[in-house]
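# Tertiary structure, described
Now for the letters of each chain:
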Amino acid sequence: MKIRTMRLLSREGVSNVVKNKLMSLASIGTVVIALLLLGLVLLVAINVKSNMDQMRKELEVLVFLNIDINDLDREAIKAYIREREAAGEVASWKYESKEDAYRNLQASFSDPALLKGMTSDQMAESFSIRLANPEDGAHFIEPLSQMPGIQPEPDGINYPQQTLERITGFADILNTVTLALMGIMLVISVFIISNTIRLTVFARRKEIEIMRHVGALDSFIRMPFFVEGIVIGILSAAAAFLLTWRGYGWTHDTLNLMLADLGFGMFILVPFEPVGMRIVLLYFIIGMAIGGIGSLISVRKHLNV
Amino acid sequence: MIRFIDVTKVYANGVVGLAGANLHVGKGEFAFIVGESGSGKSTLLKLITREETPNTGEVQVNGYNVHAMGRWEVPLLRRSLGMVFQDFRLLPNRTAYENVAFAMQMVESLPREIRRQVPLALGLVGLGKKARSYPSQLSGGEQQRVVLARALVNNPAVLIADEPTGNLDPKTSWEIMNLLDEVNQRGTTVLVATHEKNIVDAMKKRVISLERGTIISDAEKGRYEHED
């Protein structure tokens, strides 16, 4: 196809969007809704995932040492942790001495009388370790549990394996549901757009017939509808993005204040900027894809004069 | 130019469009195709333009088997055929000039060519002065002239007219038929399906008569033998 023909046919497609204002608006409306739902699903997923990642990162392996541990055993445990840190498995770790433990305990009781008779000697030293990859817990703990100087089970090594499994399981379900919802949304959108284009095809059947009679190639006949679909997709994406941007900004500010007020400060919505670019791209790619595919489907169905 | 060899067309609903038709129309001929409604006139024309395909037999245009053509070849076939219809089929939101130019744009003619050919074609049908009028501003006869200009602008080898005067008064019908005759004088093969007994009888051209899908007569300088 020559460039001037492409220009001519594209102009045709763009002007169709304007000419069929009502129909275009209706389909832009539906595609915007589909994209917004998609965006909503995505933003919820991103937020849940971000908060879960945070929770996972905060999961710690707690290792309590025997009260009468000797220096050698303690150093061996420290060496093991350092070695794993060097291998990149340990993100960070902290050692808590008997004195630290006693001070922390003191701080947690408002009435010092409750600690009467207790000395720091009775406290256990401990290590708290954050793993780089919390799923590797078992791999990290296995050798550690064999080392001398650690309190016997079940108090010695504390790792919230169950919590982790629950979080991971929930994340898996969330991912699946997100993908399924997205898929359904896409199919619905394609259906809606192809329906709209079908109306345009119907409105322009006379012109299509004339095009065929004068010997226009099929690609010429398809082109304006394809462009129309793409333009509807682009306009929908732009509108959906504006709404998402504004809507999420407002929700972000309001909800974060509310969560903080209610004492759920550890749950926060991620800011829009880092995910915004992804959403723009997603909206435009998907908007254009469903516009283009939808129009091709409906033109294919109705081109056989 | 156009050849039908034992062509049969039966529609999906069982209606017989054409039954074992044999026909040859040579280059530069002028032929009327007459018959009652449903006698197969339109089917015959649609088989030439490949809007329909035969169940058996072969339709040849320019020596090519129309039925055997690939989908991509059909537009090329249609470029060699000019078409005129009873219901005009003009684009209402384009001027006469734009309607004719549209046919050239669709075959990717050069803009220079379009600017030269479109006024020529409109001049040929006597509408040189109405180039800027929209179809709604033109009379039925004038609209059909625009259609004729559009059909001729790409210099087709064959002009096919399906009831071109069906919506026109007798005087205008004559004008259109005379124009078709003129086109034929310039070397274009012309096929006209029509009901116009008076015109057919007066023009003394070849007449192919159809009845229930069968060619019942084919006469040089023939007459319209049916009463509708």
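The structure displayed is predicted, hence computed values, not measured ones. Counting starts from 1 at the beginning of each chain's written sequence and moves along it residue by residue. Here chains are named by letter from A upward and ligands by number from 1 upward, in the order in which they appear as written. It should be noted that, the model being predicted, local features are given only for residues of pLDDT at least 70 and side-chain atom pairs only at 80 or more, the latter also being counted only at that level, while totals for whole chains, interfaces and linings use all residues. Side-chain metrics in this entry use all non-hydrogen atoms of the structure; hydrogen atoms and water are not considered.

### Looking at the side chain of S126 of chain A
- A helix here means a DSSP run of H or I that spans at least four residues, while a strand means a run of E at least two residues long, and both kinds are numbered starting from the N terminus. The topology assignment puts S126 of chain A in strand β3 (residues 126-131).
- In what follows, a contact means two residues having at least one pair of non-hydrogen atoms within 4.5 Å. Sequence-distant contacts of S126 of chain A, defined by excluding residues within four places in its chain, comprise V63, F64, K94, Y95 and E96 of chain A.

### As for the interface of chain B and chain A
- Contacts between chain B and chain A engage 24 residues on the former and 23 residues on the latter.
- Once two parts are brought into contact, the accessible area they lose, counted with a 1.4 Å probe and summed over both, makes up the buried area. The contact between chain B and chain A buries some 2,100 Å² in all, and 53% of this surface belongs to carbon and sulfur atoms.
- Considering only the surface of chain B that becomes buried against chain A, R71, M106 and E108 of chain B emerge as the three largest contributors, covering 31% of it.
- Only one rule defines a salt bridge in this text: a Lys or Arg side-chain nitrogen within 4 Å of an Asp or Glu carboxyl oxygen. The interface formed by chain B and chain A contains four salt bridges.
- The salt bridge partner of E207 of chain A is R94 of chain B, with a shortest N-O separation of 3.5 Å.
- Counted as a polar contact is a pair of N or O atoms within 3.5 Å, where, for protein atoms, one must be capable of donating a hydrogen and the other of accepting one, and residues adjacent in sequence contribute only when both atoms are in side chains. Taken together, chain B and chain A are joined by 10 residue pairs in polar contact (both at pLDDT 80 or more).
- Elements that contribute at least two residues to the side of chain B that touches chain A include exactly α2 (74-79), β6 (81-85) and α3 (96-105) of chain B.
- Under the scheme applied, nonpolar residues are Ala, Val, Leu, Ile, Met, Phe, Trp, Tyr, Cys and Pro; charged residues are Asp, Glu, Lys and Arg; polar residues are all the others, including Gly. In the side of chain B that touches chain A, the residues fall into 13 nonpolar, three polar and eight charged.

### Thoughts on the pairing of strand β1 (residues 61-64) of chain A
Residue and element names in this part refer to chain A.
- Only one face of β1 is covered, namely the one carrying V61 and V63; the face carrying L62 and F64 has none of its residues buried.
- Here β1 pairs with β3 via four bridges, running antiparallel. In the strand pairing of β3, L62 is matched with S128.
- The rule for pairing is simple: two strands pair if DSSP sees at least two bridges between them. Where β1 meets strand β4 (residues 157-158), two bridges bridge the pair, whose relative direction is antiparallel. Note that in β4 the partner of L62 across the bridge is N158. Type-normalised accessible area, obtained with a 1.4 Å probe on protein chains alone, sets the label of each residue: buried when under 20%, exposed when over 50%, and partly exposed for intermediate values.

### Some details on the nonpolar core
- To define a nonpolar core, start from buried Ala, Val, Leu, Ile, Met, Phe, Trp, Tyr and Cys residues and group those joined through side-chain atoms within 4.5 Å. Judged by nonpolar contacts, the single largest core of 86 residues is most densely connected at F32, M106, L159 and L180 of chain B.
- With 11 residues, helix α8 (residues 218-261) of chain A is the largest single contributor of residues to this core.
- Here L159 of chain B is in contact with G82, M83, V84, L148, A151, L152, L180, V183, T188, T189, V190 and L191 of chain B, once residues within four sequence places are set aside.
- Ranked by size, the runner-up nonpolar core spans 28 residues in total, among them F4, V7, L18 and L45 of chain B.

### A closer look at unusual backbone geometry
All names here are of chain B.
- At E108, a residue that is not glycine, the phi angle is positive and equals roughly 60°.
- Of the residues examined, E108 reaches a relative accessible area of 17% and is grouped as buried.
- For K221, which is not glycine, the phi dihedral falls at a positive 45°.
- Looking at the secondary structure, you find K221 in the segment after β10 (214-219).

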